[in-house]
Structure formats: C-alpha cells, structure tokens
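# Breakdown of the fold
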Amino acid sequence: MSKPSANSAAARDRTIRGIVSQLTSMYLQNRTRISRAVYITLFVALINRVRHAIQEQKAASVREATKRAEKSGTTSTADGEVTKKKKVELNREFFRSLLRLLKIVVPGWRSKETRLLISHSFFLVMRTLISLKVAAMDGAIVKALVKGNGREFLMRIVWWMLIAVPATFTNSMLSYHQAELSLRYRTRLTQFIHDKYLSQLTFYGISALDDRIKNPDQLIAVDVAKFSNSLAELYSNLAKPLLDMTIYTFSLSKSVGGEGVVFMSLLVQLSAHVMRALTPPFGKYVADEARLEGEFRFQHSRLIDHSEEVALYAGHEAEKDTLDKGYFTLIKHVNYILRRRFYHGFMEDFVIKYFWGALGLLLCSVPVFVKLPGQVTMNMGDRTETFVTNRRMLLSASDAFGRIMFSYREIMELAGYTSRVSSLLEVMDDIQAGHFEKKLVSSSGTENNEAVLKGRGKVVESSNIEFIDVPIISPNGDVLVPALTFKLTPGDHLLVVGPNGCGKSSLFRILGGLWPVYGGTVHKPPFTDIFYIPQRPYLSRGSLRQQIIYPDGLRTMRSKGVTDSDLLSILKILSLEHLIDLYPEGWDAEAEWRDVLSGGLQQRVAMARLFYHRPKYAILDECTSSVTLDTEKIMYDNAKALGITLMTVSHRRSLWKYHTHILQFDGQGHFVFTRLDADKRMKLEDEKEDLEVLLRQVPELERRVRELSEL
C-alpha cells in the first residue's frame, strides 16, 4: 500500500515541477510582452489616479466655496458663535496653508534658503550614489572572500575605507544643512509674524477683540520653531528616500527583471494602503498636544500676573486645583498618544522589517533559481556577489520605502504645526481687515444689537475731534450709548465723567484706534497726535532715559534734537531729578521700574513722557490719582502751556478748573455735552451736598415731630 502511494506522490511532484517549469518557460519566452503589458497597465492606473485627484480637488473647491458663502451670511461677533476647530488632515486646505508658509520661508530663487536647498539636494544625490557604490563593493568583498582570494579581499577593504571619507563628510553636510535650513525657516517666519503682529495694533486685536487665538506667545515662540524643524526634516526624510527608492529600484530591475520589482511594488503598495488606513490621526494629536501645552503655560503666566490678588484671597488651593487639572489633562492626552504610537509602531515594524524583508529575499533569489534572458552562466562567486549586491540594494530600497511610510506620520505632525501657524496668520489677516470673532456675554443679550455690531462707521483724519452719531459699545457687546455726538477743537479741554461701565473707556479706545467704529462718523487726528496715559502707566524694560522717551529710541530722540539736558529740565518740573542721582549709571541705569518706583512716581514719570512727546491731544485716565494737589496743578498747568489739548477721565473736583467742556454719561444710554463753568459747577455741587445732608436728616426730623405730637 505504501509503495503505490509513494509513486503517486512522486508523480504529483513531477507534475507540479513540470507545470512550474512550463509556466517559467512560457514567461521567459513572452517576457517582453508581459513587461510591456505591466508598464502600460501601471501607466493607465497612474493617469486614472491623476484624473481622480483632479476631480477630488474640484469637488473640494466647490465645498470650500459653499462653506465660505455660508460663513459670509453670519457674523460670529454678533451672535456669539465660536469658530469651529479645523480638522487636521492632508487635504486641499493643508497644501494651501503649507504653500503660503513656503513662500514666506523661501522668498525667492535668489534667497539664501534656495541656495541651501540646492546644496542640500546635491549632497542627497551624492549620498545615494555613494550608497550604490558601497552596495557593489559589498558584493565584491564577499565574492573575494568566497573565492579565497586574500589579495583581492584586502584591496577591496582598502577601497572600502577610502570611500568612507566622502561618505562621512556627506552625512555631516546633510545634518548641517538640515539644521541650518530649520534655523533659516524659523528666522524668516518669525520676522514675518513679528511684522504683522506688531503692526496696525494686531497684537491688541488678538488679545482683546478676538478669542480664536488663546496663546499667541506659544504659537510664535514654540510652534513656529517646531514647524521649521519639522519642515527641514521632512525635506531630507522625503527627498532622499524617494531618490534612493527610484535609483535602487532601477538598478534592481536590471538585475532581477522589472516584472518582479513591479509585482513587489504592488504587494508593498497594498500593505501600505492597509497601514495607512490603520494609522491614527497623529497630526490632530500633535495640534491638540500643542494647544494643551499652551493652555497649561497660560495658566502659570496668569497666576504670575495675578499673584497679589490670589495671595490676598488665599486662593492658592483653588489655583493649585486649576493647574493640576490642566497638567493632568495634558498628561492624559500625551499618554493616549504614546499608546497609539506603540500599537502603530508594532504594526509598522512587523510589516516593514519582516514582511517586506521576506518578499525582498524572494526577489533577490530570482537570478539564482531562474535564468533570465541574456544572463550569462554564473559560478558560485558571481552568484554570491549578485545576491549580496541585490540584497544590499533591496534593503536600502526597503529602508527608503519604510522611511517614506514613517514620513506619513511626520507629514501629519507637520500638518498639525502648519494648521496652528497658518491659523495665527489668518487671524492676523482678519484683524487687520477689521473682521473679529469673539464670543460675547452681554448683560442684556446681543440679539437686539446685532445690526449695530455688524455695521462699520467711517473714520476721517482731521485736526479736530468730532463724533457724529457714533454708537459706544462695551467689550461684552452692550450698546452703552446708541449715538454719541460732540465736537472738540484744539484748546477745548474735555472732562469725561460718569458711572462705571458707561462707555468712557470704549470712547477712548475708539479715539486711540483700538476699537472699530460700529457706525456714524469719527473725525480724529492721526494716531501719533494722540497720547494716552492710564492710571497705572506702562514702564518698559530699559534704561531710565527709555522710560521718559518711550516709545522712541535713543536715535530717534537725537534726531528730534532733544538732549539729556532737555530731559533733565522736564524731570525738574516734576521734581524727579533725584532719580538720576540714585544710580551710578545715571540716565543709562536699568531696573524693574514698576517695582522700584511707587505709584505716585510712576504717574509723574508718565507725565514727563507726555511733556517730551508734546502731542496735540492727551487722554488722561485717572492719571493723577496718586499725586498731591500741588503736583497735579504743576502737571496740568505745564501740559496746557505746551499747547496740549487735554481729555481727562476723573471724579476729582480739583480737576474741573483745568477744563472748558464736560461730557457726562448717565449709564442709561444718555449723555450731556456742554461747556464747563468750574466755579458755577462747584457752587452747585456744594449746594447739592448741603441739600443731601438735609435730606438725610428728614427721617430723624419727622420722627421727632411725631414724638412731639404724641405729648
């Protein structure tokens, strides 16, 4: 029984061998036709894929136009809608944003960045050519070893060491170029953002008028650097693998046949598509991680800014809970990313290193087991050399394709950084164009004010200040004054009074160009002719001289013909000359002036700054609350003597005599603008206070009358 079964097995084996031999013979006879059919099929598939991509781009543009049309029909500033977060993915929006950023970091063909890219590309090509040479030398060394030719083996080793010199130099140059490109990209992008961020009061609009960007400091300082580094790495990590894969594949096709390479490529493509479908959205993860990092950092900076208030309230435990919550939210997200990367890395390593490696070994064995047309008969050494060389090129090609696959994750991370940086640029463009998106929390609701908030008024440059039917809007969207109308000419000193929240600050924000004009017409001088002094003035980092001439620099001061002696004269008016003697450096002394100077000294320094600039108009917002009446008189008398028209917000009766007009708000949407007679108003206020004292005594007098009536 066993003998017939063994015979049948041998017959089946011979039959299988015959079929394989017949198929191999048919393949070799029709190899040229099969190659042409495969290449034509690949070409048709490529054309179809390009056509499909074009159709997708057209459909995406139509969808984007539809969304843009829907967005233009609503105003988020008015209805309080919050802008939806962008979905981080490789779509048309990503490439549009990346192209915009590329135009910034590589401004032209003659730029240094372009020269660096060309040099970097040259060394990438050199590295690939050297790798090809090394692969051939590997095969030759093993061939000499198998043949037992010691002299040839030693000569091959010597050439191996010689080629190591240009190889290591090329690797070092590639690392240098990548780091230099990252630095250049960051410099270009940071300068561009600084120019936009610090022009047209964009920095104020981002923080006060728009709530889409929560942490611009982190975007500029951290995310720009990460984007630049990611972009520089991506070029090297994509260009070299693509070049390697192309050259190695071409070299392999000459050795093992193009059909085998194509078949291998199809299997690799299929597994790559499966891996891509299972790849998590790392771009979104990176963007979310950067956002959480920014929020955690912002919570710490907020605690520093309000440390005194928190200490007075003994709110350290509440702040600790807030910080711990922000930190653990960040860590939870980071741990989630680590878990997803673990599973994804396990899948990638198995497919790329082992599955593709097994396919590569099969491909490298083709010249050994199959005699291709035109192939000469090879001995043991030749077969060994061919196998080692092909194996080395295949490993390099596989490694190159693996790096391309790994680069998909890097591209998604780049997409995350691109989304955040481009969002900053888009918000700055919107703010400079007068478009703001802010969630408003109005005390009475913003629905009834929607028409007013959507509108825009007219600003006319003039030597006078005139408001014609201008609505005054609070930061929360309340219409405080429906239509404000008044006019000031140079020399008309205005006193603005009213309860808190009546529109005084909004009025001056409009005058300073900080807030948009929601309606009516505003005639006002240029921004440089209006100077603002708040109750607590801003003292910059720098020398004592810088505190007086801010925002001018030393060179600007010299160009105006102002000397240190002139500045000393200003300080003497305000009894501040002793500040120079406090420090050996004198005018060049540097300190944290907000901590060194008291509140009263800070207000006097701010007034010295006003005397230095001598603007046409000055907005004084409770800027004398910490000085004596004598110092206040010196401040106002000298300001008026310099020809400065004053606009003061204050409740101090001592300031009435320095003004000619008064603008009084009642907090109910009404206002009164009239000339101010300080003496008459003082008498009326005294009479009013006397009557109020009498009125407070009325209940006591009535009680006494009732007691007397009962007797």
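Residues numbered from 1 in each chain as written. Predicted model: local features only at pLDDT ≥ 70, side-chain atom pairs only at ≥ 80, totals over all residues. Heavy atoms only, no water.

Within the protein chain, the secondary structure is distributed over 24 helices and ten strands. The buried share of the protein chain, reckoned over its 711 residues, is 40%. Put simply, 78% of the contacts in the protein chain that link residues at least 6 apart link residues at least 24 apart. (Helix = DSSP H or I, 4+ residues; strand = E, 2+ residues; numbered from the N terminus. Buried < 20%, exposed > 50% of the residue type's maximum accessible area, 1.4 Å probe, protein only. Contact = heavy atoms within 4.5 Å.)

One open sheet accounts for four strands, arranged E1-E5-E2-E3; its pairing is mixed. Only two strands of the sheet have a single partner each, and these edge strands are strand E1 (458-461) and strand E3 (479-488). In this sheet, neighbouring strand axes are inclined to one another by 25° on average, regardless of whether the strands run parallel or antiparallel. Helix-sheet contacts for helix H16 (residues 504-511) involve strand E2 (465-473), E3 and strand E5 (521-524), and the interaxial angle to E2 is about 125°. (Pairing = 2+ DSSP bridges. Axes fitted to C-alpha atoms, helices over the stretch in contact; angles between N-to-C directions.)

A few words on unusual backbone geometry. In this model, Tyr-550 is joined to Pro-551 through a cis peptide bond whose omega is 10°. Although it is not a glycine, Gln-200 adopts a positive phi angle of roughly 55°. Within the secondary structure, Gln-200 sits in the loop between helix H6 (150-197) and helix H7 (202-209). Of the residues examined, Gln-200 reaches a relative accessible area of 59% and is grouped as exposed. One non-glycine residue, Arg-614, lies in the positive phi region at around 50°. Note that Arg-614 resides in the loop between helix H22 (599-613) and strand E7 (617-621).

Attention now moves to the sheet that holds strand E4 (residues 494-497). Taking strand neighbours across the sheet as the criterion, the six strands line up as E6-E7-E8-E4-E9-E10 in an open arrangement whose pairing is mixed. Since the sheet does not close on itself, it has two edges, and those belong to strand E6 (530-533) and strand E10 (671-675), each with one partner. Averaged over all pairs of adjacent strands, the angle between their axes in this sheet comes to 15°, without regard to strand direction. Relative to strand E8 (residues 645-649), E7 runs parallel, the two being bridged by five bridges. Residue pairing in the sheet places Ile-619 in a bridge with Met-647 of E8. H16 contacts E4, E6, E7, E8 and strand E9 (661-665) of the sheet and is inclined by roughly 145° relative to E8. Running over the sheet, H22 touches E6 and E7 and is turned about 170° from E6.

What follows concerns the UniProt feature "transmembrane region" (unreviewed entry) in the protein chain. On the UniProt side, "transmembrane region" (unreviewed entry) is annotated at positions that read residues 116-137, 157-176 and 350-370 here. Here residues 157-176 runs as 100% helix and 0% strand, with 29 Å between its end C-alpha atoms. (UniProt positions renumbered as here; feature names shortened; annotations may be inferred.)

Right, let's get into the pairing of E7. With five of five residues buried, E7 is to be regarded as a mostly interior element. Residues Tyr-617, Ile-619 and Asp-621 of E7 are buried on one face, and the alternating residues Ala-618 and Leu-620, pointing to the opposite face, are buried as well. Judged from the four bridges that link them, E6 and E7 form a sheet pairing that is parallel. Note on E7: the bridge partner recorded for Tyr-532 is Ile-619. In terms of handedness, the path from E7 via helix H23 (residues 629-641) over to E8 forms a crossover that is right-handed. (Right-handed = clockwise from strand over helix to strand, strands pointing away.)

For the rest of this paragraph, the subject is the nonpolar core. In this structure, Leu-189, Ile-193, Phe-227, Phe-467, Leu-484 and Phe-486 are the most contacted members of the largest nonpolar core, which totals 63 residues. Sorting elements by how many residues they give to this core places helix H14 (residues 380-432) first, with ten residues. Sequence-distant contacts of Phe-486, that is, excluding residues within four places in its chain, are made with Ile-465, Glu-466, Phe-467, Leu-494, Leu-507, Leu-663 and Phe-673. Counting 37 residues, the second-largest nonpolar core is a separate cluster that includes Leu-539, Leu-576, Ala-608 and Leu-646. (Core = buried A, V, L, I, M, F, W, Y, C linked by side-chain atoms within 4.5 Å.)

Let us now look at the packing of aromatic side chains. Counted by the stated rule, this structure contains 13 aromatic pairs. Note on Phe-467 and Phe-486: the rings are 5.1 Å apart at their centroids and 15° apart in plane angle, and the pair reads as stacked. Here Phe-467 is found in strand E2, whereas its partner Phe-486 is found in strand E3, with 19 residues between them in sequence. Judged by its relative accessible area of 0%, Phe-467 is buried. Overall, the relative accessible area of 3% leaves Phe-486 in the buried class. Seen from their ring centres, Tyr-636 and Tyr-658 are 5.1 Å apart, and the 20° between their planes marks the pair as stacked. You can see Tyr-636 sitting in helix H23 and its partner Tyr-658 sitting in the loop between E8 and E9, a full 22 residues away along the chain. A relative accessible area of 6% places Tyr-658 in the buried class. (Phe/Tyr/Trp six-rings, centres within 6.5 Å; stacked < 30°, edge-to-face > 60°.)

Moving on: the pattern of salt bridges. Counted by the stated rule, this structure contains 20 salt bridges. Lys-560 is the salt-bridge partner of Asp-552, the closest N and O atoms lying 2.6 Å from each other. You can call Asp-552 buried: its relative accessible area is 12%. Several salt bridges converge on common partners, so that one network encompasses Lys-284, Asp-288, Arg-291 and Glu-295. (Salt bridge = Lys/Arg side-chain N within 4 Å of Asp/Glu carboxyl O.)

On to the packing of H22 against H23. Between H22 and H23, the least distance of the axes is 11 Å, while the angle of their chain directions is 10°. Regarding the angle of H22 to H23, the classification is roughly parallel. Across from Gln-603, Arg-604, Met-607 and Phe-611 in H22, the residues of H23 making contact are Thr-631, Met-635, Asn-638 and Ala-639. Tallied by class, residues from the contact of H22 with H23 come to four nonpolar, three polar and one charged. (Parallel < 35°, antiparallel > 145°, perpendicular 65-115°, else oblique. Nonpolar A, V, L, I, M, F, W, Y, C, P; charged D, E, K, R; others polar.)

Moving on, we come to the side chain of His-120. Residue position: His-120 is located in helix H5 (residues 112-147). Using a relative accessible area of 0% as the deciding quantity, one classes His-120 as buried. When residues no more than four places from it in sequence are discounted, the contact partners of His-120 are Leu-174, His-177, Gln-178, Leu-181, Tyr-235 and Ser-236.

Another aspect to go through is helix H19 (residues 564-573). Looking only at H19, the buried set comprises Leu-567, Ile-570 and Leu-571. The arc that holds every buried residue of H19, seen down its axis, measures 100°, which confines them to one face. Exposed side chains of H19 directed beyond 90 degrees from the buried face belong to Ser-565 and Lys-572. Of the surrounding elements, those touching the buried residues of H19 are helix H17 (544-549), helix H18 (554-559), helix H20 (578-581) and H22. Backbone geometry just downstream of H19 places Ser-575 in the positive-phi region, at approximately 55°. (Arc of directions from axis to C-beta.)

Moving on: the environment of Tyr-617. Tracing the backbone through its elements, the reader meets Tyr-617 in strand E7. Here Tyr-617 falls in the buried class, since its relative accessible area comes to 0%. Once the C-alpha coordinates of Tyr-617 and Tyr-532 are considered, the two residues, 85 residues apart in sequence, prove to be 8.7 Å apart.

Another aspect to go through is the pairing of E4. For a regular strand, side chains alternate in direction, first toward one face of the sheet and then toward the other. In E4, alternate side chains face the same way, and those of Leu-494 and Val-496 on one face and Leu-495 and Val-497 on the other are all buried. Pairing analysis gives three bridges linking E4 to E8, with the strands arranged parallel. Within the sheet, the bridge partner assigned to Leu-495 lies in E8 and is Thr-648.

Another point: the packing of helix H4 (residues 92-105) against H6. It is the contact of H4 with H6, at a shortest axis distance of 8 Å, that shows an interaxial angle of 100°. Considered as vectors, H4 and H6 are oriented roughly perpendicular to each other. In this structure, H4 uses Leu-101, Ile-104 and Val-105 to contact H6, whose residues at the interface are Tyr-185, Arg-188, Leu-189 and Phe-192. Classifying every residue of the contact of H4 with H6 by side-chain character gives six nonpolar, no polar and one charged.

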